[in-house]
Amino acid sequence: MDVSLVHNERTKLTAAWLNTQATALVAAGTFAPAVTVVYGLSKPGIGAIYIGILMCACFAAGLGLHLTARATLGSLRE
């Protein structure tokens, strides 16, 4: 078996995992609180400014994970 094929598949699997984590983080940390506040589904236990900061932090962390996944794909071999 070609070693570069194994390396490439492991690299793609790692990148996919990182991107999935990024998606989950953005969904749970950004979209869920936004929907909760907009539709009034529950009363937040903290102030709106803290929710906004949390949403921005989760979005930034998710973006960072996505960019890390893209960078990981840069190590694919021919």
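Analysis parameters
- Residues numbered from 1 in each chain as written.
- Predicted model: local features only at pLDDT ≥ 70, side-chain atom pairs only at ≥ 80, totals over all residues.
- Heavy atoms only, no water.
- Helix = DSSP H or I, 4+ residues; strand = E, 2+ residues; numbered from the N terminus.
- Rg over C-alpha atoms; globule rule 2.2 N^0.38 Å.
- Buried < 20%, exposed > 50% of the residue type's maximum accessible area, 1.4 Å probe, protein only.
- Contact = heavy atoms within 4.5 Å.
- Areas by Shrake-Rupley, 256 points an atom, 1.4 Å probe, with all protein chains shown as cover.
- Salt bridge = Lys/Arg side-chain N within 4 Å of Asp/Glu carboxyl O.

Student: Any chance you could explain the overall build of the protein chain here in plain terms?
Tutor: Check the secondary structure of the protein chain and you find 2 helices and 0 strands. Against the 2.2 N^0.38 benchmark of 12 Å for 78 residues, the protein chain shows a C-alpha radius of gyration of 17 Å, more extended than a compact globule. Along the first, second and third principal axes, the C-alpha set of the protein chain runs to 55 × 20 × 15 Å. A total of 78 residues make up the protein chain; the buried ones form 21% of that total. Long-range contacts, defined here as pairs at least 24 residues apart, represent 85% of the contacts in the protein chain between residues at least 6 apart. Total accessible area computed for the protein chain in this model is approximately 5,700 Å², and 70% of it derives from carbon and sulfur atoms.

Student: So what exactly am I meant to see when it comes to the environment of Val6 here?
Tutor: Positionally, Val6 belongs in helix α1 (residues 3-39). In sequence terms Val6 and Met55 are 49 residues apart; their C-alpha atoms lie 38 Å from each other.

Student: Sorry if this is basic, but what is going on with the side chain of Thr30 here?
Tutor: In this structure, Thr30 sits in helix α1. By relative accessible area, which is 10% here, Thr30 ends up buried.

Student: Explanation requested: the pattern of salt bridges in the structure shown.
Tutor: Taken as a whole and judged by the stated rule, the model has 1 salt bridge. Of the charged contacts in the structure, one is a salt bridge between Lys12 and Glu9, with a shortest N-O distance of 2.9 Å. One end of the pair, Lys12, and the other, Glu9, are both in helix α1, 3 residues apart, so they sit about a helical turn from each other. The partly exposed category is assigned to Lys12, whose relative accessible area is 37%. Classification of Glu9 as partly exposed rests on a relative accessible area of 48%.

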